[in-house]
Amino acid sequence: MALKISTRGRYALRVLIDLAEHNSGEFIPLKEIAARQEISEKYLESIIVVLSKAGYVQGQRGKGGGYRLSREPQLYTVGSVLRLIEGSLAPVACLEGDHNTCPRAAACKTLDMWTRFYDMTNEFFDGITLDELAARGDAGDDYMI
């Protein structure tokens, strides 16, 4: 079993990091972000819609338009972004909802293990903020996205 973050999740982080790195208060055209990140503008449009609807970014149309962060970069965690885009970071289906509805939960020998792994995963990603990632150097650093 492997925890896999989708391309959409990784690209959403890259967009937000790019916006954090260029966080001057100005709106940044999606075309510029796409060029810097070497990601299709069309693909980024589908991601930015989700980020915008969730209030992570603000958009403006027309001349001088584009996107900017809705709040300071230190207020975004990797965990919140990944949960928004991925839906859940749960390693097993029974941990995905608010309540475990598995009929075997009471007798499950592995539930505690999966729960601890899930808690560790969330704690790890919730402990990394956008401003930390934006402040990092080149791809040779510890975190690769």
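Notes on the structure in this doc start here. Worth saying up front: this structure is predicted, and the values here are computed from it rather than measured.

1. As for the packing of aromatic side chains
And then number 1: In total, this model carries 3 aromatic pairs according to the counting rule given.
And then number 2: Ring geometry for Tyr-11 versus Tyr-43: centroids 5.6 Å apart, planes at 85 degrees, classification edge-to-face. Taken as a pair, Tyr-11 in helix 1 (residues 7–21) and Tyr-43 in helix 3 (residues 41–53) lie far apart in primary sequence, 32 residues in all.
And then number 3: Since its relative accessible area comes to 17%, Tyr-11 is described here as buried.
And then number 4: Looking at Arg-71, its charged tip hangs above the ring of Tyr-56, at a distance of 5.0 Å from the centre.
And then number 5: Here Arg-71 stacks its cationic end above the ring of Tyr-76, 4.2 Å away from the centre of that ring.

2. Quick word on the side chain of Asp-18
And then number 1: Mapped onto the secondary structure, Asp-18 falls in helix 1.
And then number 2: Setting aside chain neighbours within four positions, we find Asp-18 in contact with Ile-33, Arg-36 and Gln-37.

3. Describing the packing of helix 1 against helix 3
And then number 1: At their nearest, the axes of helix 1 and helix 3 sit 10 Å apart, and the two run at 75 degrees to each other. Viewed along their axes, helix 1 and helix 3 adopt a mutual orientation that is roughly perpendicular. The residues of helix 3 that touch helix 1, namely those facing Thr-7, Arg-8, Tyr-11, Ala-12, Val-15 and Leu-16, are Tyr-43, Leu-44, Ser-46, Ile-47, Ile-48, Val-50 and Leu-51.

4. Quick look at the packing of helix 1 against helix 4 (residues 78–86)
And then number 1: Orientation of helix 1 relative to helix 4, taken along the N-to-C sense of each, is 135 degrees, at an axis distance of 9 Å. Regarding the angle of helix 1 to helix 4, the classification is oblique. The handedness of the crossing between helix 1 and helix 4 comes out as right-handed. Together, Arg-8, Gly-9, Ala-12, Leu-13 and Leu-16 of helix 1 and Val-78, Val-81, Leu-82, Ile-85 and Glu-86 of helix 4 make up the contact between the two elements.
And then number 2: Residues that form the contact of helix 1 with helix 4 fall into these classes: 7 nonpolar, 1 polar and 2 charged.

5. Let's talk about the pattern of salt bridges
And then number 1: According to the stated counting rule, one finds 4 salt bridges in the structure shown.
And then number 2: Among the ionic pairs, Asp-18 bridges to Arg-36, the shortest N-O distance being 2.7 Å. Residue Asp-18 is located in helix 1, and its partner Arg-36 is located in helix 2 (residues 30–37); the two are separated by 18 residues in the primary sequence.
And then number 3: Note that Glu-32 is salt-bridged to Arg-36, the shortest N-O span being 3.8 Å. On the criterion of helical spacing, the pair formed by Glu-32 and Arg-36 is a turn pair, its members being 4 residues apart in helix 2.
And then number 4: When its relative accessible area of 40% is taken as the criterion, Glu-32 is described as partly exposed.
And then number 5: Assessed through its relative accessible area of 36%, Arg-36 is described here as partly exposed.
And then number 6: Three or more residues joined by partner-sharing salt bridges are found here, namely Asp-18, Glu-32 and Arg-36.

So, how was this worked out
Residues numbered from 1 in each chain as written. Predicted model: local features only at pLDDT ≥ 70, side-chain atom pairs only at ≥ 80, totals over all residues. Heavy atoms only, no water. Phe/Tyr/Trp six-rings, centres within 6.5 Å; stacked < 30°, edge-to-face > 60°. Helix = DSSP H or I, 4+ residues; strand = E, 2+ residues; numbered from the N terminus. Buried < 20%, exposed > 50% of the residue type's maximum accessible area, 1.4 Å probe, protein only. Lys NZ or Arg CZ within 6 Å of the ring centre and 35° of its normal. Contact = heavy atoms within 4.5 Å. Axes fitted to C-alpha atoms, helices over the stretch in contact; angles between N-to-C directions. Parallel < 35°, antiparallel > 145°, perpendicular 65-115°, else oblique. Left-handed = near helix turned anticlockwise from the far one by under 90°. Nonpolar A, V, L, I, M, F, W, Y, C, P; charged D, E, K, R; others polar. Salt bridge = Lys/Arg side-chain N within 4 Å of Asp/Glu carboxyl O.

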